[in-house]
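Read off the chains here:
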Amino acid sequence: MMDNGYSKVCTVSELKQNQGKRFLINDVEVAVFKIEEEIFIVSNICPHQHTALIYDGFIEAGCVVCPAHGWMFNLKTGKQPTGARGLDVYPVKIIDDEVFTIIKAKELKW
Ligand code: FES
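Residues numbered from 1 in each chain as written. Predicted model: local features only at pLDDT ≥ 70, side-chain atom pairs only at ≥ 80, totals over all residues. Heavy atoms only, no water.

Burial within strand 1 (residues 7-11) is extensive, with 4 of its 5 residues counted as buried. Bridge count for strand 1 against strand 10 (residues 98-101) is 4 bridges, and the pairing is antiparallel. Bridged to Cys10 within strand 10 is Val99. (Buried < 20%, exposed > 50% of the residue type's maximum accessible area, 1.4 Å probe, protein only. Helix = DSSP H or I, 4+ residues; strand = E, 2+ residues; numbered from the N terminus. Pairing = 2+ DSSP bridges.)

As structure tokens, this is what we get:
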């Protein structure tokens, strides 16, 4: 982790256009997408049935479509078109070819 709270996720060059990749950062599963020159980092866990498949979703109009049952999430806001339950979105910082984000380890609730 960098001093400013950012953790390295991956490199820009390992990401393929419109094709997600999943990573485990501080015990949080995220899906990373590259659309044109923009990079998005969202939770990889669908809020519908908690499948870890968001990275495998296809991209349509700035949204990712969960491959399990087709729920759609805007990659900028994490929200569904209806505004209902969405994905967590994480900040993206790019330095040279490296992608960083801030993800705090989830607190365990007992
Ligand atoms: S688990 Fe994602 S839409 Fe059902």
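Right, let's get into the sheet that holds strand 7 (residues 72-74). Sheet strands pair by backbone hydrogen bonding; their relative direction is either parallel or antiparallel. Strand order in the open sheet formed by 3 strands is 5-6-7, and the pairing between neighbours is antiparallel. Because the sheet does not close on itself, it has two edges, and the strands there are strand 5 (58-60) and strand 7. The average undirected angle you get between the axes of adjacent strands in this sheet is 30 degrees. (Axes fitted to C-alpha atoms, helices over the stretch in contact; angles between N-to-C directions.)

Another aspect to go through is the packing of aromatic side chains. Geometry of an aromatic ring pair is reported as the spacing of the ring centres plus the angle between the planes. A full pass over the atoms with the stated rule returns 0 aromatic pairs. Over the ring of Tyr6 we find Lys93; its NZ or CZ atom is 5.0 Å from the centre of that ring. (Phe/Tyr/Trp six-rings, centres within 6.5 Å; stacked < 30°, edge-to-face > 60°. Lys NZ or Arg CZ within 6 Å of the ring centre and 35° of its normal.)

This paragraph deals with the sheet that holds strand 1. Across the sheet, 3 strands lie side by side as 1-10-9; this open sheet has antiparallel pairing. Edge strands, defined here as strands with exactly one partner in the open sheet, are strand 1 and strand 9 (93-95). Between one strand and the next, the sheet's axes are offset by a mean angle of 35 degrees, whatever the strand orientation.

Before going further, it helps to spend a moment on unusual backbone geometry. Even without a glycine there, the phi angle at His50 is positive, about 60 degrees. Examined against the element boundaries, His50 turns out to sit in the loop between strand 4 (38-43) and strand 5. Given the relative accessible area of 59%, His50 is considered exposed. The phi torsion at Ala61 lies on the positive side, around 50 degrees, for a residue other than glycine. Mapped onto the secondary structure, Ala61 falls in the loop between strand 5 and strand 6 (63-65). Residue classification places Ala61 among the exposed residues on the basis of a relative accessible area of 76%.

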